[in-house]
Amino acid sequence: MPIHPLAVVSTAAKIASDVQIGPFCVIEAGGVVFEGCRLGPGGRIKSDTFIGPHTEIGEGTVIGGMPQHLRRPDAAGGVTIGARNVIRENVTIHRAMDRPHVTTVGDDCLLMVGSHVAHDCRVESNVILTNNVMLGGHVRVEARAYIGGGAAV
């Protein structure tokens, strides 16, 4: 498993044997990364986060952060990312507010630089979020949608 020596990977994380993990990445306990994934430098995979096979994660991306909400959840939900996604630099995807709910991204999506998927969102398959798109909590983006740069939903 090619893990850069400057990465921090919890022994309680589940990582496929062929995953590439760049320098300064952090994968917390309860993070799951399936086969063929690549994590760029400084990527963060938080607890209760599942990254589907053959997904690329860019530099500085944080997946599974706590929801940005005035009511801090007692037991936040998780994040599930499907297969063959490209998640570019500095993207943030937050956990659902409560268990057993999850924030989801389907298969074959492209989330461009600086896009944000908030708590409890559902992004279906083949979606493109261009640079700096912001999805607020509980947004559903249907399959094959293309959301232009800087849009707030």
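Our structure is the block above this text.
Just so it is clear, the structure is predicted and the values come from calculations on it, not from any experiment.

> Explanation requested: the overall build of the protein chain in the structure shown.
Secondary structure summary: the protein chain contains zero helices and 21 strands in total. Taken over C-alpha atoms, the radius of gyration comes to 14 Å for the protein chain, in line with the 15 Å a tight globule of 153 residues would show. For the protein chain, the C-alpha atoms occupy an extent of roughly 40 × 35 × 20 Å along the three principal directions. Across the 153 residues of the protein chain, 45% fall into the buried class. Counting contacts in the protein chain only where the partners sit at least 6 residues apart, residues at least 24 apart contribute 25% of the total. Of note, the protein chain has its 13 positive side-chain charges centred 3 Å away from the centre of its 14 negative side-chain charges.

> Sorry, what's going on with the sheet that holds strand β11 (residues 78-81) here?
In any sheet, the strands associate via hydrogen bonds between backbone groups, in a parallel or an antiparallel arrangement. Spatially, seven strands are ordered β2-β5-β8-β11-β14-β17-β20 in an open sheet, and the strand pairing comes out parallel. Of all strands in the sheet, those with a lone pairing partner are β2 (14-15) and β20 (140-141), marking the two edges. For β2 and strand β5 (residues 31-33), the ladder comprises two bridges, and the chain directions are parallel. Note on β5: the bridge partner recorded for Lys 14 is Val 32.

> How should the side chain of Thr 130 be read in this particular structure?
Among the structural elements, Thr 130 can be located in the loop between β18 (128-129) and β19 (134-135). Taking the relative accessible area as the measure of exposure, Thr 130 reaches 7% and is therefore buried. A polar atom in the side chain of Thr 130 sits 2.9 Å from the backbone oxygen of Ile 147. Other than its neighbours up to four places away in sequence, Thr 130 contacts Met 112, Ser 115, Tyr 146, Ile 147, Gly 148 and Gly 149.

> Teacher, can you tell me more about the pattern of salt bridges here?
Side-chain pairs of opposite charge can arise whenever the charged atoms involved come near each other. Within this structure, the stated rule accounts for nine salt bridges. Between Asp 108 and Arg 84 there is a salt bridge, with its nearest N and O atoms 2.8 Å apart. Here Arg 84 lies in the loop between β11 and β12 (86-87) and Asp 108 lies in the loop between β14 (102-105) and β15 (110-111), a separation of 24 residues in the sequence. Residue classification places Arg 84 among the partly exposed residues on the basis of a relative accessible area of 44%. Glu 124 is paired through a salt bridge with Arg 140; the nearest N and O atoms lie 2.5 Å apart. With Glu 124 in the loop between β17 (122-123) and β18 and Arg 140 in strand β20, this pair connects stretches of sequence that are 16 residues apart. Taking the relative accessible area as the measure of exposure, Glu 124 reaches 15% and is therefore buried. Here the salt bridges share partners, and the residues they tie into one network are Asp 48, Arg 95 and Arg 99.

What counts and how
Residues numbered from 1 in each chain as written. Predicted model: local features only at pLDDT ≥ 70, side-chain atom pairs only at ≥ 80, totals over all residues. Heavy atoms only, no water. Helix = DSSP H or I, 4+ residues; strand = E, 2+ residues; numbered from the N terminus. Rg over C-alpha atoms; globule rule 2.2 N^0.38 Å. Buried < 20%, exposed > 50% of the residue type's maximum accessible area, 1.4 Å probe, protein only. Contact = heavy atoms within 4.5 Å. Lys, Arg positive; Asp, Glu negative; His and termini not counted. Charge placed at Lys NZ, Arg CZ, Asp CG, Glu CD. Pairing = 2+ DSSP bridges. Polar contact = N/O pair within 3.5 Å; in protein donor to acceptor, adjacent residues only side chain to side chain. Salt bridge = Lys/Arg side-chain N within 4 Å of Asp/Glu carboxyl O.

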